[in-house]
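What follows is the residue order along each chain.
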Amino acid sequence: MSAHRNYLRWMLGTIAGASLAVAGFVLLVDPYGLYTLADMPGVNRIKPPVERYRNEIRLARADRLRPRIVITGNSRMEAGVDPDGPQLAGKNAFNLGLAGTSAAMAVGQLRHLAAGAAPPERVIAGLEFVDALTERPVHAAALPPPLPAPDRGWRSHLWRADALYSFASLKDALVTVAIQHDPDAATATLRGHNPLQQYHQAARTEGYSALFGQRAAENTRKLAAAADGGLDTPAVRAQVAALIDGAAAGNPGVAVDMVIYPYHAQLLALFEGAKLWPRFEAWKALLVAEVEAGRQRHPHARIAVHDFSGYGPVQCEAIPAPGSAARTRWYWEAGHFKPALGELIVARVLGTTDDGMPAGFGVRLERDTLAANRARIAGERADCIARQASVFDGVTRDVAREHARRTGLRAMAGHHAGIAPAAIE
């Protein structure tokens, strides 16, 4: 009996000791930047991008740092705007942008910060046109649906236990130690910037032409799917209104700068090829209208829409030819811009100077400037075609081919299901 008791004690002691060792190692290495017990060069100073509890960890860091300036949006902002860059250094900025998320995520983040002790003084929010597209036409509702409030119960804090003690956390701690001397490893800063460091190696081995080509193929499939659809007006209205209200809830005098991304000309050409341009213009007008409504609700706030889209010299940056080792200055590919371009965006939004700012880059949109903005982009397009005709060549044909392929697949699905294709449409 005594032997059994001793074995049980030994086993429980071993489990407890191993558990404490794992938790202690994770606590010390701190792969998620949650504890900041020790900053050790060569051991844990460089952090990998967060893959688990991405939003929870970002918000926990923001709660600790209490940023004055907050950046929100999807991967374009996460990769493109560096809170430690020249324009934002020393201003206590924090990047909450997360890949694959929509404005609804930003709304939840702002509501969280507004409920805390230090709501931001300024919000720079990237807005994604592609998120507003639907594969089928949408009828505008009389009232936009309200966005749900975040869960603040005890279950919303369980992630902290899993982030401290789990095999996944142990693996992330080991990855943190392993990447300290790898210049091309994927990394992220404690202020939320993911510089897409791993793209450097891909650009060296495959070339920028391959990066642009791969992204163009992905965008062609996505945009062809939306060619027959519509614009999700109710969702856009709800998200923009909630974003403004969320920013102003904790600070009535907040500055909210909404950013229309500087899509590369290749992506804008795909918008054209998928016949999305009227929806793009309607989306911009919708943003302007919701900002006007937001100003009425929050008269002390400063709210603006900045349009960085167009075919200017920046967005029409030349794509290196296949096999070329040439590098780009502004874009990794048509989907993501580099921090150098993020600096220009921030400089324009903050009204500061930047010697590299091209004339006409970034236009503040109001109801009475929409027409002039359309004319600007039309003029830039003509110049871009003259300089980079290859960006536009074959785009409409590629989108039409992908659209026909999808239509054919739907027709086949309808035939096998015994349903006429017309009924599916």
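Residues numbered from 1 in each chain as written. Predicted model: local features only at pLDDT ≥ 70, side-chain atom pairs only at ≥ 80, totals over all residues. Heavy atoms only, no water.

K.L.:
Got a sec to walk through the packing of helix 2 (residues 54-65) against helix 4 (residues 103-114)? Specific residues and values, please.
P.N.:
Relative to each other, helix 2 and helix 4 sit at 35°, their axes nearing to 11 Å. Both helix 2 and helix 4 take part in a crossing whose hand is right-handed. Contacts between helix 2 and helix 4 involve Asn-55, Leu-59, Ala-62 and Asp-63 on the former and, on the latter, Met-105, Gln-109, His-112 and Leu-113. Its residues assigned to classes, the contact of helix 2 with helix 4 comprises four nonpolar, three polar and one charged. (Axes fitted to C-alpha atoms, helices over the stretch in contact; angles between N-to-C directions. Helix = DSSP H or I, 4+ residues; strand = E, 2+ residues; numbered from the N terminus. Left-handed = near helix turned anticlockwise from the far one by under 90°. Contact = heavy atoms within 4.5 Å. Nonpolar A, V, L, I, M, F, W, Y, C, P; charged D, E, K, R; others polar.)

K.L.:
Residue-level account of the pattern of salt bridges, with values.
P.N.:
For the structure shown, the criterion picks out 21 salt bridges. Residue Asp-257 pairs with Arg-122 through a salt bridge whose shortest N-O separation is 2.8 Å. Of the two residues, Asp-257 sits in strand 6 (residues 255-260) while Arg-122 sits in strand 3 (residues 122-127), which places them 135 residues apart along the sequence. Taken as a pair, Asp-257 and Arg-122 share a single burial class, namely buried. (Salt bridge = Lys/Arg side-chain N within 4 Å of Asp/Glu carboxyl O. Buried < 20%, exposed > 50% of the residue type's maximum accessible area, 1.4 Å probe, protein only.)

K.L.:
Lay out the packing of helix 11 (residues 277-297) against helix 13 (residues 370-387) in plain terms, naming residues and giving numbers.
P.N.:
The N-to-C vectors of helix 11 and helix 13 enclose an angle of 145°; their axes lie 11 Å apart at closest approach. Two packed elements cross with a definite hand, and for helix 11 against helix 13 that hand is right-handed. Residues Trp-277, Glu-281, Lys-284, Ala-285 and Val-288 of helix 11 lie in contact with helix 13, whose contacting residues are Leu-370, Asn-373, Arg-374 and Ile-377. For the contact of helix 11 with helix 13, the per-class residue count stands at five nonpolar, one polar and three charged.

K.L.:
Give a description of the sheet that holds strand 6 that names residues and reports values.
P.N.:
Taken in spatial order, the six strands line up as 2-1-3-6-7-10 in an open sheet, and their pairing is mixed. Unpaired on one side and paired on the other, strand 2 (93-95) and strand 10 (363-365) mark the two borders of the sheet. The average angle at which neighbouring strand axes cross in this sheet is 25°, direction not considered. In this structure, strand 1 (residues 69-72) lies alongside strand 2, joined through three bridges in parallel fashion. (Pairing = 2+ DSSP bridges.)

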